Amino acid sequence: MIDKMLIRGAKVHNLKNIDLDIPLGKIVGIAGVSGSGKSSLALGVLYAEGSRRYLEALSTYTRRRMTQAVKASVDEVLYVPAALALHQRPGVPGIRSTFGTGTELLNSLRLMYSRLASHRCPNGHYLEPTLLVAAGKKLTCPECGAQFYAPSAEELAFNSQGACKTCSGTGSVRTVDLSTLVPDESLTIEQGAVAPWNSLMWSLMTDVCKEMGVRIDVPFRELTEQEKDIVYHGPAEKKHILYHPKKSNSNDFAELDFTYFNAVYTVENALAKVKDEKGMKRVEKFLKEDICPDCHGTRLSAAARAPKLLGISLDEACSMTLAQLVAWVQRVPNSLPEAMRPMAERICEAFTGTAKRLMDLGLGYLTLDRSAATLSTGERQRMQLARAVRNRTTGVLYVLDEPSSNLDAYAIADFRQLLFTLKSQGKTIIISEHRLYYLSGLFDRVLYLKDGEIEGDYTAEEFCGLSAKQRDDMGLRPLDLAGLSEVEGTPQRMNEAVWTIKNVSFAYKHEPETLHITETSFPSGSATAIIGHNGAGKSTFARCLCGLEKHFKGTVQDQSKNYSRKERLKLCYMVMQDVNHQLFTESVLDEILLSMRTENKQRAREILKEMDLLSFEDSHPMGLSGGQKQRVAVASAIASERPLILFDEPTSGLDLFHMRQVANVVNQVANAGRTALVVTHDPEFILRCCNYVLHLENGQIQESYSIEDSNGRKRLLKFFLSDMKKEVSTE
């Protein structure tokens with residue numbers, strides 16, 4: 001019986017011709033410092049070969065329509081099953097992606113509404129649910145005799161035939177923002193008060209406007225309401241004008257007949273002619289996004305909203321939380337005629353099976369119509385986890401690359417329970433990870449990589465038997481968090497000055513308010529941790545604070561000075577969760593130089609040396625490991641010397657050595673009199689470099705406190721450890 005995978009001569013990326021046997025049906029952990037080759041082994045060899053062999057087993061016709069997997073750089077790989085992977089970072093969702101589409105729950109729900117719902121005839125009468133729909137037969141209305149076909153699942157999709165015609169299935173429409181058309185009312189029309197006429201229209205429109213009866217030589221604010229209405233909404237009348245180009249030195253005038261384009265129509269006309277991104281940039285500053293007046297943000301056409309199941313339409317079902325929707329779906333089969341119940345049960349089971357994984361990972365509070373772009377990275381990470389482990393078939397290899405990245409303590413506890421379930425089913429699971437505490441009692445074997453080689457191969461008992469000092473010397477994070485209370489922070493210079501944030505509100509378009517903070521403050525010239533569960537609003541708070549969100553409302557004040565959004569963009573530097581979006585140059589050294597106000601190669605190399613990156617100064621940033629890229633972004637932030645630096649999950653992808661390195665750097669920032677804000681789920685990192693905590697939940701400040709004394713540290717650890725102490729069910 002085959003009970004292990006055989007790998008011979010693996011040379012992917014920095015792997016040094018390694019030979020390895022990995023047991024099947026077990027959980028195998030891969031540990032090591034950043035850049036040791038963990039992801040290369042997990043994804044570059046095991047997943048690459050597992051997915052490639054699965055594709056090769058498909059027909060030639062099917063393979064031609066799929067992305068072909070490249071063969072891994074390895075001499076021989078035997079007995080690797082079909083593989084599913086979870087990468088370090090969840091992908092960035094598109095404008096059409098929702099929680100329902102991302103989890104594929106909406107597919108099952110649309111099928112329910114197609115096959116099981118009461119359908120409306122062309123004359124508005126509703127028919128009883130019938131098996132004729134599944135048979136593809138015409139339905140006949142008993143009230144009026146009209147014959148029609150029920151909509152298919154595809155015809156209920158907002159990404160396809162069920163899309164609202166007005167908004168094309170996005171739920172929003174772009175309209176002209178009147179407040180942008182005349183930004184400075186102290187100017188006259190002659191001086192360029194009407195902004196769209198300066199950039200989207202010929203300058204002679206001011207002359208046409210004059211012929212429409214509007215004074216163009218007085219400040220715009222002094223115009224009558226009738227004159228202003230002509231500027232904004234006046235009719236498209238043809239006028240005869242004498243036109244003299246402003247840049248011409250002659251006294252010649254040209255006689256022209258020209259149609260008046262009011263300010264609103266000027267923008268609408270330019271928008272209709274946009275052909276590329278450059279053109280859109282010229283127009284978008286005059287636009288705003290509103291909820292679609294026809295579908296009211298549901299994205300669905302009237303026809304797609306017509307079918308009713310248990311008395312509600314598809315868009316109404318999508319507005320329920322997942323927990324509510326699961327309870328509702330369970331009622332569906334018994335609400336139908338007996339002949340339809342077997343089919344209904346199969347469709348509903350497909351929905352509840354997928355939903356269970358998401359519920360197990362704590363996502364029951366989300367609605368299917370929630371835009372995926374408004375989800376936190378931790379929430380999207382849990383969606384990705386649920387997709388990766390939903391396959392119930394045997395003989396599948398799960399490859400998980402830092403699956404706890406961006407997860408809060410509660411979600412990690414849920415994920416641990418999920419791993420126990422998979423283990424009890426005999427799944428083969430490979431986990432490359434820096435956070436090891438949640439895997440204690442789960443893994444059967446641990447591989448320790450160093451510089452592209454297998455430095456250690458341990459059974460679970462052998463690995464757990466290593467002393468804390470041995471694991472520390474190996475650069476590994478602790479196996480339990482019991483010793484966190486003994487972690488000593490670095491004293492920082494305390495400053496009586498504070499940053500104050502007041503009357504904060506922010507909402508993503510068409511979504512409920514994400515932030516609502518009456519007032520809060522944190523010390524200037526120190527390091528403050530921002531904590532809270534996934535979806536609490538931590539990253540949004542950081543983005544608003546540094547000026548990245550245009551629709552942020554509120555004041556940000558350092559002592560007595562208020563900073564506008566544009567001022568904060570210059571004042572702050574933010575290290576984002578996915579640093580791939582902020583690495584731009586051809587070398588690591590150039591990346592550091594780019595962030596400096598004045599290029600200083602000597603100082604740049606000093607920073608790289610502090611971050612253990614000097615040997616990579618000529619390397620392309622995108623060719624580095626996840627942890628190394630994270631440190632490049634942190635190094636760039638330090639080199640910027642901005643007075644306020646925000647770190648969003650800076651320890652993601654970092655081993656023990658480099659986590660401590662980044663903690664030291666944050667301490668240096670604070671001790672230099674600059675302010676650091678750290679969004680993190682890492683209590684050890686907080687204890688090493690922060691002296692103050694802001695705790696956000698549901699977009700509001702739940703509490704704030706100092707952690708310079710034992711009471712504050714206990715308070716912090718209580719928050720993290722209470723979520724981690726959930727009992728694991730072995731059922």
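The structure displayed is predicted, hence computed values, not measured ones.

1. Notes on the packing of aromatic side chains
Right, on to step 1. In total, this model carries 12 aromatic pairs according to the counting rule given.
Right, on to step 2. Seen in terms of ring centroids, Phe220 and Tyr232 are 6.0 Å apart; in terms of plane orientation they differ by 70°. Their pairing is edge-to-face. You can see Phe220 sitting in the loop between α6 (205-211) and α7 (225-233) and its partner Tyr232 sitting in helix α7, a full 12 residues away along the chain.
Right, on to step 3. Owing to a relative accessible area of 16%, Tyr232 belongs among the buried residues under this scheme.
Right, on to step 4. Taken together, the aromatic side chains of Phe415, Tyr437 and Tyr438 make up a single cluster linked through ring pairs.
Right, on to step 5. Lying over the aromatic face of Phe158, Arg299 brings its terminal NZ or CZ to 5.0 Å of the ring centre.
Right, on to step 6. The ring of Tyr563 has Lys561 lying over it, and the distance from NZ or CZ to the ring centre is 5.0 Å.

2. A short note on the nonpolar core
Nonpolar side chains tend toward joint burial in soluble globular proteins.
Right, on to step 1. Ranked by size, the top nonpolar core spans 126 residues in total, and within it Leu109 and Phe351 carry the most contacts.
Right, on to step 2. In contact with Leu109, not counting residues within four places along its chain, are Leu314, Ala317, Cys318, Leu325, Trp328, Phe351 and Leu368.
Right, on to step 3. Counting residues in hydrophobic clusters, the runner-up holds 33 residues, among them Ile189, Leu200, Met205 and Ile230.

3. Let's talk about the environment of Val176
Right, on to step 1. With respect to the helices, strands and loops of the structure, Val176 is situated in strand β8 (residues 172-176).
Right, on to step 2. For Val176, a relative accessible area of 13% corresponds to the buried category.
Right, on to step 3. Along the chain, Val176 and Glu268 lie 92 residues apart, while their C-alpha atoms are 7.3 Å from each other.
Right, on to step 4. Other than its neighbours up to four places away in sequence, Val176 contacts Leu181, Val264, Val267, Glu268, Phe286, Leu287 and Lys288.

4. Notes on unusual backbone geometry
Right, on to step 1. A positive phi angle is found at Asn503, which is not glycine, with a value near 50°.
Right, on to step 2. With respect to the element layout, Asn503 can be found in strand β16 (residues 498-506).
Right, on to step 3. A relative accessible area of 55% places Asn503 in the exposed class.

5. So, the sheet that holds strand β20 (residues 561-562)
Consider a sheet: its strands pair through backbone hydrogen bonds, and that pairing is either parallel or antiparallel.
Right, on to step 1. The strand order β17-β16-β19-β20 describes an open sheet built from four strands, whose pairing is antiparallel. Edge positions in the sheet fall to β17 (515-523) and β20, since each has one partner strand and no second.
Right, on to step 2. Note that β16 and β17 share eight bridges and pair antiparallel. Its bridge partner being in β17, Val498 is matched across the sheet by Pro523.
Right, on to step 3. Of the strands in this sheet, β16, β17 and β19 (553-558) are in contact with helix α17 (residues 538-545), which crosses β17 at around 70°.

6. Some points on helix α22 (residues 656-671)
Right, on to step 1. Taking 1.5 Å per residue, 16 residues should reach 22 Å; α22 reaches 23 Å between its end C-alpha atoms and fits that length.
Right, on to step 2. Along α22, the residues that are buried comprise Leu656, His658, Met659, Val662, Ala663, Val665, Val666, Asn667, Val669 and Ala670.
Right, on to step 3. Taking the backbone nitrogen of Phe657 as reference, a side-chain oxygen 2.9 Å away marks Asp655 as the first, capping residue of α22.

7. Describing the pattern of salt bridges
Right, on to step 1. For the structure on display, the rule yields 19 salt bridges.
Right, on to step 2. Measuring nitrogen to oxygen at the nearest pair gives 2.9 Å for the salt bridge that ties Arg8 to Asp21. Placement of the pair is Arg8 in strand β1 (residues 4-10) and Asp21 in strand β2 (residues 18-23), with a sequence separation of 13 residues.
Right, on to step 3. Classification of Asp21 as partly exposed rests on a relative accessible area of 24%.
Right, on to step 4. Where Arg603 meets Glu606, a salt bridge forms, and the shortest distance between an N and an O atom there is 3.4 Å. With Arg603 and Glu606 both in helix α20 (residues 601-610) and three residues apart, this pair spans about one turn of that helix.
Right, on to step 5. Look at the salt bridges and you will find they share partners, linking Arg477, Asp682, Glu684 and Arg688 into a network.

8. A short note on the state of the cysteines
Right, on to step 1. Counted by the stated rule, this structure contains zero disulfides.
Right, on to step 2. With no disulfide partner, Cys292 has as its closest neighbouring cysteine sulfur the one in Cys295, 3.7 Å distant.
Right, on to step 3. When its relative accessible area of 1% is taken as the criterion, Cys292 is described as buried.
Right, on to step 4. Left unpaired, Cys318 is separated from the closest cysteine sulfur, that of Cys295, by 12 Å.

9. Some thoughts on the side chain of Thr103
Right, on to step 1. Mapped onto the fold, Thr103 is located in helix α3 (residues 99-103).
Right, on to step 2. Within the structure, Thr103 has its side chain in polar contact with the backbone oxygen of Phe99 (distance 2.7 Å).
Right, on to step 3. A polar atom in the side chain of Thr103 sits 3.4 Å from the backbone oxygen of Gly100.

10. Topic: the packing of helix α4 (residues 105-116) against helix α12 (residues 341-360)
Right, on to step 1. The interhelical angle for the contact between α4 and α12, taken along N-to-C directions, is 160°, at an axis separation of 9 Å. With respect to α12, the element α4 is oriented roughly antiparallel. Crossing geometry of α4 relative to α12 is assigned as left-handed. Facing Leu105, Ser108, Leu109, Leu111, Met112, Arg115 and Leu116 of α4, the residues of α12 in contact are Met343, Ala344, Ile347, Cys348, Ala350, Phe351, Thr354, Ala355 and Leu358.

Rules of the game
Residues numbered from 1 in each chain as written. Predicted model: local features only at pLDDT ≥ 70, side-chain atom pairs only at ≥ 80, totals over all residues. Heavy atoms only, no water. Phe/Tyr/Trp six-rings, centres within 6.5 Å; stacked < 30°, edge-to-face > 60°. Helix = DSSP H or I, 4+ residues; strand = E, 2+ residues; numbered from the N terminus. Buried < 20%, exposed > 50% of the residue type's maximum accessible area, 1.4 Å probe, protein only. Lys NZ or Arg CZ within 6 Å of the ring centre and 35° of its normal. Core = buried A, V, L, I, M, F, W, Y, C linked by side-chain atoms within 4.5 Å. Contact = heavy atoms within 4.5 Å. Pairing = 2+ DSSP bridges. Axes fitted to C-alpha atoms, helices over the stretch in contact; angles between N-to-C directions. Expected span 1.5 Å × (residues − 1). Polar contact = N/O pair within 3.5 Å; in protein donor to acceptor, adjacent residues only side chain to side chain. Salt bridge = Lys/Arg side-chain N within 4 Å of Asp/Glu carboxyl O. Disulfide = S-S within 2.5 Å. Parallel < 35°, antiparallel > 145°, perpendicular 65-115°, else oblique. Left-handed = near helix turned anticlockwise from the far one by under 90°.

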